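Structure at a glance
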Amino acid sequence: MIDALPFPQHIAIIMDGNGRWAKERDLKRTAGHEEGAKVVREITIHANNIGLKYLTLYAFSTENWSRPKLEVEFLMKLLERHLKDELPMYLENNVRFKAIGDLSKFSKSLQKTIKETTQKTLHCSGLTQVLALNYGSRDEMTRAVQAVVQKGMEITQESIAQNLDTQGMPDVDILVRTSGEVRISNFLLWQCAYAEMFFVQKFWPDFSKYDLDDIIDDFTKRERRFGGI
Ligand code: IPE
Ligand code: IPE
Ligand code: MG
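Cut-offs used in this document
Residues numbered from 1 in each chain as written. Chains lettered and ligands numbered in written order. Predicted model: local features only at pLDDT ≥ 70, side-chain atom pairs only at ≥ 80, totals over all residues. Heavy atoms only, no water. Helix = DSSP H or I, 4+ residues; strand = E, 2+ residues; numbered from the N terminus. Buried < 20%, exposed > 50% of the residue type's maximum accessible area, 1.4 Å probe, protein only. Contact = heavy atoms within 4.5 Å. Areas by Shrake-Rupley, 256 points an atom, 1.4 Å probe, with all protein chains shown as cover. Lys, Arg positive; Asp, Glu negative; His and termini not counted. Charge placed at Lys NZ, Arg CZ, Asp CG, Glu CD. Expected span 1.5 Å × (residues − 1). Salt bridge = Lys/Arg side-chain N within 4 Å of Asp/Glu carboxyl O. Pairing = 2+ DSSP bridges. Axes fitted to C-alpha atoms, helices over the stretch in contact; angles between N-to-C directions. Phe/Tyr/Trp six-rings, centres within 6.5 Å; stacked < 30°, edge-to-face > 60°. Lys NZ or Arg CZ within 6 Å of the ring centre and 35° of its normal. Near = heavy atom within 4 Å. Polar contact = N/O pair within 3.5 Å; in protein donor to acceptor, adjacent residues only side chain to side chain. 1 Å grid on protein atoms, 1.4 Å probe; cavity = no way out; pocket = protein on both sides within 12 Å on 5 of 7 lines; lining within 4 Å. Sits in = over half its atoms within 2 Å of the grid points.

**A word on the overall build of the chain**
A count of helical and extended segments in the chain gives 7 helices and 6 strands. Each helix (α) and strand (β) of the chain, taken in turn from the N terminus, gives the series β-α-α-β-α-β-α-β-α-α-β-β-α. Overall, the C-alpha framework of the chain stretches about 50 × 45 × 35 Å when taken along its three principal axes. Per-residue burial over the chain gives 49% buried out of 229 residues. When contacts within the chain are restricted to residue pairs at least 6 apart in sequence, long-range pairs at least 24 apart make up 77% of them. Accessible surface, the chain as shown: approximately 11800 Å² in total, 52% of it carbon and sulfur. When the 31 basic and 32 acidic side-chain charges of the chain are each reduced to a single mean position, those positions are 5 Å apart.

Rendered as structure tokens:
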């Protein structure tokens, strides 16, 4: 059976290339992350305006702790500042914020900011912007199976899905990765089982709403078979 979707419900993006964007300009890697955060806002507002329901953005992986201490510290500070600065944007645009990943590894202060942003935007009914923070798919699946066992539930596809951080969200329709790298890097392995993949050459700070429109346009022309013919 052909099951082509006219419009995606869930787009996930591996926002890659901030460091290389900065290096090309003789800037520090941190300048690339600052610029990348601005693009997060542009893409979020645009995704909401065109009626997308879920946008999941990979912001910090479980493997990113292995970066130099100063870069990790910078990213933590940027994240906290970004969430605080963006609260008016979420509220003005009716965008709900949600975080996935193991948040327990973050500072108390950052955890509090994440919790507050989640709570203050809970009533918003437009786009849900999901930030993947200290997120790794293997970690998420392991935690999900542990939860299933702990609750005494039977291990089934449904019970695992219900205990993933993404519970209640639709599977990913479109997976985008910027910066020319062609890999998944431990992102949404379960949820991307039938995602259409788009690998873009541009570095994340150069990605624009027009690039997103082109991808959606291409997606609507693809044929998804889901194993059928
Ligand atoms: C993506 O850009 C942002 C994070 C992983 C936090 P990178 O920092 O990975 O940039 P490159 O890939 O080194 O250019
Ligand atoms: C993936 O990018 C993680 C995020 C975008 C947050 P990386 O730059 O960490 O991935 P690798 O190391 O190139 O696979
Ligand atoms: Mg990278």
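**Structural notes on helix H5 (residues 137-150)**
End to end, H5 covers 20 Å across 14 residues, agreeing with the expected 20 Å (1.5 Å per residue, within 8%). At its buried positions, H5 is contacted by strand E4 (128-135) and helix H6 (157-162). Remark: Gly 152 follows H5 within two positions and exhibits a positive phi of approximately 70 degrees.

**A short note on the pattern of salt bridges**
Per the counting criterion, the structure on display carries 24 salt bridges. Between Lys 38 and Glu 35 there is a salt bridge, and its shortest N-O distance comes to 3.2 Å. You can see Lys 38 and its partner Glu 35 sitting in helix H2 (residues 29-49), 3 residues apart, about one turn around the helix. For Lys 38, a relative accessible area of 55% corresponds to the exposed category. Glu 35 sits in the partly exposed class, given a relative accessible area of 24%.

**Regarding the sheet that holds strand E1 (residues 10-14)**
One open sheet holds the 6 strands; their spatial order is E3-E4-E2-E1-E5-E6, and the pairing between them is parallel. The two strands at the open ends of the sheet, each matched to only one other strand, are strand E3 (96-100) and strand E6 (196-199). Each adjacent strand pair in this sheet contributes to an overall mean axis angle of 20 degrees, direction not counted. Set on the sheet, helix H3 (residues 69-93) makes contact with strand E2 (54-61), E3 and E4; between it and E4 the angle comes to about 165 degrees.

**Examining the packing of aromatic side chains**
On inspection of all chains with the given rule, the structure shows 8 aromatic pairs. Note on Tyr 90 and Phe 97: the rings are 5.7 Å apart at their centroids and 50 degrees apart in plane angle, and the pair reads as tilted. For Arg 222, the ring lying beneath its charged end belongs to Phe 198, and the centroid distance is 3.9 Å.

**Comments concerning the site of ligand 1**
Around ligand 1, the structure places Met 15, Asp 16, Gly 17, Asn 18, Gly 19, Arg 20, Arg 29, His 33, Ala 59, Asn 64, Arg 67 and Leu 75. One of the backbone nitrogen or oxygen atoms of Asn 18 is found 3.2 Å away from an oxygen atom of ligand 1. Residue Gly 19 places a main-chain N or O atom 2.9 Å away from an oxygen atom belonging to ligand 1. The protein chains hide 86% of the 380 Å² of surface that ligand 1 would expose on its own. With respect to the pocket detection grid, ligand 1 is positioned in the largest pocket. For the shell around ligand 1, the secondary-structure elements that each account for two or more residues are helix H1 (18-24) and H2.

**A short note on the site of ligand 2**
Near ligand 2 the following residues occur: Ile 14, Met 15, Asp 16, Tyr 58, Ala 59, Phe 60, Asn 64, Arg 67, Arg 177, Arg 183 and Ser 185. A distance of 3.2 Å separates an oxygen atom of ligand 2 from a polar atom in the side chain of Asp 16. At 3.3 Å from an oxygen atom of ligand 2 is found a side-chain nitrogen or oxygen belonging to Arg 67. For ligand 2, whose unbound accessible area comes to 390 Å², protein coverage reaches 77%. If you map ligand 2 onto the pockets, it falls in the largest pocket. Top contributing element to the shell around ligand 2 by residue count: E2, with 3 residues.

Keep in mind that these numbers describe shape and distance, not what the molecule does.
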